[in-house]
Amino acid sequence: MPMSVLDPRSIITLSALMGLVMAMVLFFVRRSYPRKLQGGLRLLAASPLAWFTAAGLYGLRDVAPDWLTVVLANLILLLGTLLFSVGLQHFFQGWARWRLWAGLILASTPVVAWFTLVEPNYGVRLLVVNGLLCGLFLQQIRYLMQQPTSFGLRFTMVAMGAQTSVLVLRMVSVAAGLAGHSMMEPGLLQVVYVSSNAMSVQMLTIGAVLLATERLRREFEHVASHDSLTEALTRRAVLELAENELARLQRYGEPLSLMMLDLDHFKDINDLQGHQQGDAVLVDFANRTRAVLRRPDQLGRYGGEEFLVLLPATDARAARVVAERVRLAPPSRPELACTVSVGLTTALGPDDSLDAMLSRADQALYLAKREGRNRVCEA
Ligand SMILES: Nc1nc2c(ncn2[C@@H]2O[C@H](COP(=O)(O)OP(=O)(O)OP(=O)(O)O)[C@@H](O)[C@H]2O)c(=O)[nH]1
């Protein structure tokens, strides 16, 4: 019998090949990503490979035995979808929950086998397999909704949502007695169903590549804007933020305060206890300072042992309270103790400039040092 382009078998064959290409793209793209993302990407790449294998087996329907083209094919399809879920979780959090779903999938296999080999019933098989696929996709959508939003994330969720809708429609068609007796039967419903499966493999793989690319961009942005030792903002990043905050002040008239902090006698720590201990003191100081700041406040490393703190929407009185809190914040261990001198200034109005504020904070810091250190002075 000649095959038309809309024949389910030819669509499945095409989708199997596209799945293979997508799996290869992800496998190769994976190698150019940082090592910590590679594990998740490997799993995400393995899943179109599983879908490719399942589609290949479906394509052999009526040629090869049913245990291969139905039972094994469905098992591989479900495991491939679980792999995608595990890959996503690894990608975002470095670990994954999979045992419950793996158990459900394995438990479904004898059911599918029964309704294929013993009491053939396409409708029941379809309900079991599509029900599990729906559950897996819904669980992934729920998981993705908890992650920081991005285009790649929305794209992947839309792809999953669309595929879930088709699966649900398919299950409704079974209930309505429109499912037919095999996926290979020609007909509009089968063609829509099979094409949407093929389409969703492509979209999910593209979604995975988008997610990986966005993640890589975020990592680069983080590296470029954060000091590698203390995780404080770099000098350039904190000054850029300060300029933005000053622009807000000019637009909305919100107050802005700025603190310049310098660890006291830090050279002695380096000289007496070694550079490594000096580094540990710097890290601990940054951590304890961040811990006492509010969410919109920003800590930046201005120079060696000199830090800047931006305090948006904070007037001079409130800034003084924050500065004292920073000065008195305890070290995490006694051997990391180190006092700090603070120069404080508040923007004088919309005509104030960052250079002028930095210069005032620097003078106040100089005063704090001269008056005996371990204190807060205001410009
Ligand atoms: N361990 C370590 N030391 C650093 C780092 N950056 C700068 N330093 C050291 O910090 C010390 C700063 O010393 P000084 O500027 O003399 O200031 P101080 O000893 O803190 O004295 P006062 O500021 O006057 O209280 C220098 O010895 C720098 O080498 C760093 O990343 N790690």
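Residues numbered from 1 in each chain as written. Predicted model: local features only at pLDDT ≥ 70, side-chain atom pairs only at ≥ 80, totals over all residues.

The name given to the chain in an unreviewed UniProt entry is diguanylate cyclase, and the organism recorded there is Curvibacter microcysteis. For the record of the chain, the UniProt heading Catalytic activity (unreviewed entry) holds the text "2 GTP = 3',3'-c-di-GMP + 2 diphosphate". (UniProt positions renumbered as here; feature names shortened; annotations may be inferred.)

(A) The UniProt feature "transmembrane region" (unreviewed entry) in the chain, seen in detail. In this structure's numbering, the residues bearing the UniProt feature "transmembrane region" (unreviewed entry) are residues 12-29, 41-61, 67-88, 100-118, 124-145, 157-179 and 191-212. Across residues 12-29, the secondary structure splits into 100% helix and 0% strand, with the terminal C-alpha atoms separated by 25 Å. A distance of 27 Å separates the end C-alpha atoms of residues 100-118, which is 100% helix and 0% strand. (Helix = DSSP H or I, 4+ residues; strand = E, 2+ residues; numbered from the N terminus.)

(B) Region of interest: the pairing of strand 1 (residues 256-263). Judged by how many residues are buried, strand 1 sits mostly within the fold: 8 of 8 residues are covered. The two faces of strand 1 match: Leu256, Leu258, Met260 and Asp262 on one face and Ser257, Met259, Leu261 and Leu263 on the other face are all buried. (Buried ≥ 20, exposed ≤ 12 C-beta atoms within 10 Å, placed from the backbone.)

(C) Fine view of the pairing of strand 3 (residues 306-312). Across the 7 residues of strand 3, 6 count as buried, placing the element largely inside the fold. Pairing between strand 1 and strand 3: 7 bridges, direction antiparallel. Within the sheet, the bridge partner assigned to methionine 259 lies in strand 3 and is valine 309. Relative to strand 3, strand 2 (residues 298-301) runs antiparallel, the two being bridged by 4 bridges. Each residue of the ladder has a partner; that of arginine 301, found in strand 3, is phenylalanine 307. The hairpin formed by strand 2 and strand 3 contains 4 residues between the paired strands. (Pairing = 2+ DSSP bridges.)

(D) Structural detail: unusual backbone geometry. Notably, arginine 373 is not glycine yet its phi reads approximately 70 degrees, a positive angle. Tracing the backbone through its elements, the reader meets arginine 373 in the loop between helix 12 (354-370) and strand 5 (376-378). Unlike most non-glycine residues, asparagine 374 shows phi in positive territory, near 50 degrees. Along the chain, the position of asparagine 374 falls in the loop between helix 12 and strand 5.

(E) Spotlight on the site of the ligand. Taken together, 16 residues lie around the ligand, and Asp264, Phe266, Lys267, Gly278 and Gly304 are the ones closest in. Elements supplying a minimum of two residues to the shell around the ligand: strand 1, helix 9 (266-273) and helix 10 (275-292). Ranked by residue count, the leading element in the shell around the ligand is helix 10, at 4 residues. Across the shell around the ligand, the residue classes break down as 4 nonpolar, 5 polar and 7 charged. (Near = placed C-beta within 6 Å. Nonpolar A, V, L, I, M, F, W, Y, C, P; charged D, E, K, R; others polar.)

(F) How the structure looks around the domain arrangement of the chain. Examined at the domain level, the chain breaks down into domain 1 (8-225) and domain 2 (235-378). For domain 1 and domain 2, the distance between their C-alpha centroids amounts to 51 Å. (Domains from an automatic or database assignment.)

(G) Main features of helix 12. In this model helix 12 runs 24 Å from its N-terminal to its C-terminal C-alpha over 17 residues, within 8% of the 24 Å that 1.5 Å per residue would give. When we look at burial in helix 12, the residues that qualify are Met357, Arg360, Ala361, Ala364, Leu365 and Ala368. Mapping the buried residues of helix 12 onto a view down its axis gives an arc of 140 degrees, with all of them on the same face. Facing away from the buried surface of helix 12 by more than 90 degrees, the exposed residues are Asp355 and Arg370. In this fold, the buried residues of helix 12 make contact with strand 1, strand 4 (340-346) and strand 5. (Expected span 1.5 Å × (residues − 1). Arc of directions from axis to C-beta. Contact = placed C-beta atoms within 7 Å.)

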